Amino acid sequence: MNILDAQVDWREDVGNDPRLEVLIDETPERSDLRFEHEDGLWTAIDNGYVEYFAWSGDGNDGGFSGRSFEITTVDGEQVTLKGPWSSRAGCVNQRRFGPVVDVRLATDPSVLEKGYTFQTGTLTLAAAKQAIDLTDDEAHLERVVKFDSDEPYWIPVRENVGDA
């Protein structure tokens, strides 16, 4: 995966955090990723691209409508995650896998131009910083803590906001 371009959807018309939108050359195949797990969180990181699932086994299989995902661990073991949940970057960041940043990804340049039909995705903090440096905005990623569980997130922030 190579980062080609990026922009920020500042979402100024709603109360949500801005989103980093990133154009990449290709999305790695899940079969090429190698997953580690800790406390029910399965995470793979490859060249700045991140994929993760929350799954702790039987009884935790209602995510993705019960769909199964075949993954390979770092030890080469084949594991089937039945109905895992998608989780979120803050959960990953609380464990040894982060820091990571949830972003919107596209491999088609027209998606960046249109501003829609992205897929959800996650990048390492280093890759997200590389992407935000490609935007036309003077911006950076700022660490914030959210939720009662004090989950760390990195969100786009404009430089010099409020300076005259």
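Above: the structure in question.
Here's what I pulled together on the structure shown here. On a predicted model such as this, the values are computed, not experimentally measured, just so you know.

**Things to note about the sheet that holds strand β1 (residues 3-9)**
The sheet built from seven strands is open, its strands ordered β1-β2-β8-β9-β5-β4-β3 with mixed pairing. Sheet topology places β1 and β3 (35-38) at the edges, where each strand pairs with a single neighbour. For this sheet the average axis-to-axis angle between neighbouring strands, irrespective of direction, equals 40°. Summarising the sheet, strand β2 (residues 19-24) and strand β8 (residues 100-106) pair through three bridges and their orientation is parallel. Looking at the pairing, V22 lines up with L105 of β8. In the packing of helix α3 (residues 125-132) onto the sheet, contacts are made with β1, β2, β8 and β9 (119-124), and the angle to β9 comes to roughly 110°.

**Quick word on α3**
For α3, every residue scored as buried is listed here: L125, A127, A128, A131 and I132. Down the axis of α3, the buried set is contained in an arc of 160°. They therefore lie on one face. The elements touched by buried residues of α3 are β1, β2, β8, β9, β10 (139-146) and β11 (151-158).

**A short note on the layout of surface pockets**
Put simply, the largest pocket is a space of about 910 Å³. As for the largest pocket, its lining consists of 36 residues, of which Y52, D102, V103, T120 and G121 are closest to the centre. Elements with a contribution of two residues or more to the lining of the largest pocket: β2, β5 (49-54), β8, β9 and β11. In terms of residue class, the lining of the largest pocket is built from 18 nonpolar, eight polar and ten charged.

**Quick notes on the pattern of salt bridges**
Tallied over the entire structure, the rule returns nine salt bridges. The closest approach of N and O atoms between E21 and R104, which form a salt bridge, is 2.6 Å. Highlighted residues: E21 in strand β2 and R104 in strand β8, separated in sequence by 83 residues. Residue class for E21 comes out buried when judged on its relative accessible area of 2%. Among the residues examined, R104 registers a relative accessible area of 15% and is labelled buried. Here the salt bridges do not stand alone but share partners, grouping D9, E21 and R104 into one network.

Criteria and thresholds
One numbering rule holds for all chains: residues counted from 1, following each sequence as written. Given that the model is predicted, a residue must reach a pLDDT of at least 70 before its local features are reported, and side-chain atom pairs must reach 80 or more before they are shown or counted; all residues, however, enter totals for whole chains, interfaces and linings. Hydrogen atoms and water are omitted, and side-chain values are computed over all heavy atoms in the structure. What makes two strands pair is DSSP finding at least two bridges between them. Helical segments are the DSSP runs of H or I of at least four residues, strand segments are the runs of E of at least two, and each set is numbered from the N terminus. Simply put, an axis is a line fit to the C-alpha atoms, just over the touching stretch for a helix, and the angle between two N-to-C directions goes from 0 to 180 degrees. We call two residues contacting when some pair of their heavy atoms lies within 4.5 Å. Between buried and exposed lies partly exposed: a residue is buried under 20% and exposed over 50% of the maximum accessible area for its type, with that area taken using a 1.4 Å probe on protein chains only. This arc is taken over the directions from the axis of the helix to the C-beta atoms. Space inside and on the surface of the protein is sampled on a 1 Å grid over the protein atoms alone, with a cavity defined as a set of points where a 1.4 Å probe fits but cannot get out and a pocket as an open set with protein on both sides within 12 Å along at least 5 of 7 lines; lining residues have an atom within 4 Å of a point. Grid points are joined across faces, edges and corners, and a volume is the space filled by probe spheres set on the points. We call Asp, Glu, Lys and Arg charged. Ala, Val, Leu, Ile, Met, Phe, Trp, Tyr, Cys and Pro are nonpolar, and the rest, Gly among them, are polar. Should a side-chain nitrogen of Lys or Arg be within 4 Å of a carboxyl oxygen of Asp or Glu, the pair is scored as a salt bridge.

Such coordinate-based values are descriptive only and should not be taken to indicate function.
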